[in-house]
Amino acid sequence: MFLKNKIILAPMAGVTDKPFRQMVRHFSNELLFTEMISATALCYHSKETAKMLDLSNETGPIGVQLVGSNLKEMSQAAQMAEQAGAAVLDINMGCPVKKLIKNSSGAALIKDPYLACQIVENIKKVISIPVTVKTRLGWDETTIDIVKFAKKLQNAGADSLTIHARTKAQGYRRKVDWSWIRKVKEVVSIPIIANGDVTDQKTASACMEQTRSDGIMIARAAMGKPWVLAEISGETMNINLKYFIEEHFDRLMAYYGHKGLFIARKHLAWYAREKSFVANFRRKVYAETDENQMRSLIKDFF
Ligand SMILES: Cc1cc2nc3c(=O)[nH]c(=O)nc-3n(C[C@H](O)[C@H](O)[C@H](O)COP(=O)(O)O)c2cc1C
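Residues numbered from 1 in each chain as written. Predicted model: local features only at pLDDT ≥ 70, side-chain atom pairs only at ≥ 80, totals over all residues.

Visitor: Before we go on, may I ask you to explain the overall build of the protein in this structure?
Guide: In terms of regular secondary structure, the protein is built from 14 helices and eight strands. Computed over C-alpha atoms, the radius of gyration of the protein comes to 19 Å, within 12% of the 19 Å expected from 2.2 N^0.38 for 302 residues, which places it in the range of a compact globule. With the C-alpha coordinates aligned to their principal axes, the bounding extent of the protein is approximately 55 × 45 × 35 Å. Residues classed as buried in the protein amount to 42% of the 302 residues present. The long-range fraction of contacts in the protein, counting pairs at least 24 apart against all pairs at least 6 apart in sequence, stands at 67%. (Helix = DSSP H or I, 4+ residues; strand = E, 2+ residues; numbered from the N terminus. Rg over C-alpha atoms; globule rule 2.2 N^0.38 Å. Buried ≥ 20, exposed ≤ 12 C-beta atoms within 10 Å, placed from the backbone. Contact = placed C-beta atoms within 7 Å.)

Quick look at the structure:
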């Protein structure tokens, strides 16, 4: 199985870029995911999108997540991901963003299992790394069909399935309903990864126990806390937060150039979340446009 420690970093657009993954890698040898990458943009050689597929100088396995619904483009993009060094190719079938839904992508594929399976089947024919799917419980609460959907995806050749235990309509509202993941686990043989509202060891244990899943995927809890995966695995953390954040900032600047300063803002705000006087720090960070001044802000605050 391509999962070792069972706790993996979720794909997060605008978060799990190369600099962030490199920071997570200090604490985890497990599978880490890229942000979702548009298959169409990759096929049309968008420079910015191609950069998202740069997996060089990263140790450990990286899963590339593709989003799209065009069969030809998805297969072509999957081949590009494999060539770039992806260890796993994941297909986004859960994103609720309107623009993607309009394009029959993301969570729209829940409503079109035939196309969803065709995408998996076609990609399986052209690459040899594991092909996985990340999805939600269903479109809305009245049409939850994850058990059937999971069986179909397994038959189409999916090597594993990650389930965010909410429906598309729920977005992030309501508590997750992990019981559906258990039901899926009972009827399929491929590994099932549970996702949704796992933030610490307590919720991780509860999730594993209730779902009997083969692994857990963590998203929001890693924002401002790239060591959370290791913390949940039970490792003792000894982090110099200032040096850690300075390294993350250096990496962002090296990777993005001046744009890195703007991308750093949200990360700095997340890192500061649990500290005092955070509102004032956040205000300053969001107003800052000078690299050296930003470095001073980091030095003084952390
Ligand atoms: C900022 C942000 C970006 C996200 N981007 C993606 C994405 O690119 N692909 C995807 O499948 N899910 C994406 N998600 C959903 C997460 O991967 C995850 O399924 C969801 O947040 C629930 O997990 P959590 O409770 O651990 O946060 C994103 C979530 C957040 C908060």
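Visitor: Is there a simple way to think about the domain arrangement of the protein in this case?
Guide: It is common to report an interface's size as the accessible area lost on association of the parts. When its domains are assigned, the protein resolves into domain 1 (7-232) and domain 2 (241-301). The centre of domain 1, based on its C-alpha atoms, is set 29 Å off from the matching centre of domain 2. In this complex, domain 1 contributes six residues to the contact, which on the side of domain 2 involves eight residues. Classifying every residue of the side of domain 1 that touches domain 2 by side-chain character gives three nonpolar, two polar and one charged. (Domains from an automatic or database assignment. Nonpolar A, V, L, I, M, F, W, Y, C, P; charged D, E, K, R; others polar.)

Visitor: Help me understand the nonpolar core, please; the structure alone is not making it clear to me.
Guide: With 70 residues, the main nonpolar core has Leu66, Val120, Leu153 and Ile218 as its most contacted residues. In terms of nonpolar packing, the next biggest core, distinct from the first, is built from eleven residues, Ala264, Leu268, Tyr271 and Phe281 among them. (Core = buried A, V, L, I, M, F, W, Y, C linked by C-beta atoms within 7 Å.)

Visitor: I tried to follow the site of the ligand on my own but got confused; where do I start?
Guide: Residues in contact with the ligand amount to 22 residues; listed here are only the nearest, Ala10, Met12, Met36, Ala219 and Arg220. For the shell around the ligand, a count of residues per class yields eleven nonpolar, seven polar and four charged. (Near = placed C-beta within 6 Å.)

Visitor: What am I meant to see in the environment of lysine 275 here?
Guide: Here lysine 275 lies in the loop between helix 12 (259-272) and helix 13 (278-287). Taking C-alpha positions, lysine 275 is 13 Å from lysine 225, a pair spaced 50 residues apart along the chain.

Visitor: Would you mind going over the pairing of strand 7 (residues 192-195) with me for this structure?
Guide: When a strand is regular, its side chains alternate between the sheet's two faces. Where burial is concerned, the two faces of strand 7 agree: the one with Ile192 and Ala194 and the one with Ile193 and Asn195 are both buried. Two strands pair when backbone bridges link them, and strand 6 (residues 160-164) and strand 7 are joined in this way by four bridges, in the parallel orientation. Residue pairing for strand 7: histidine 164 is matched across the bridge by asparagine 195. For the crossover from strand 6 across helix 8 (residues 179-187) to strand 7, the handedness is right-handed. Between strand 7 and its parallel partner strand 8 (residues 215-218), the chain crosses via helix 9 (residues 201-211), and the hand of that crossover is right-handed. (Pairing = 2+ DSSP bridges. Right-handed = clockwise from strand over helix to strand, strands pointing away.)

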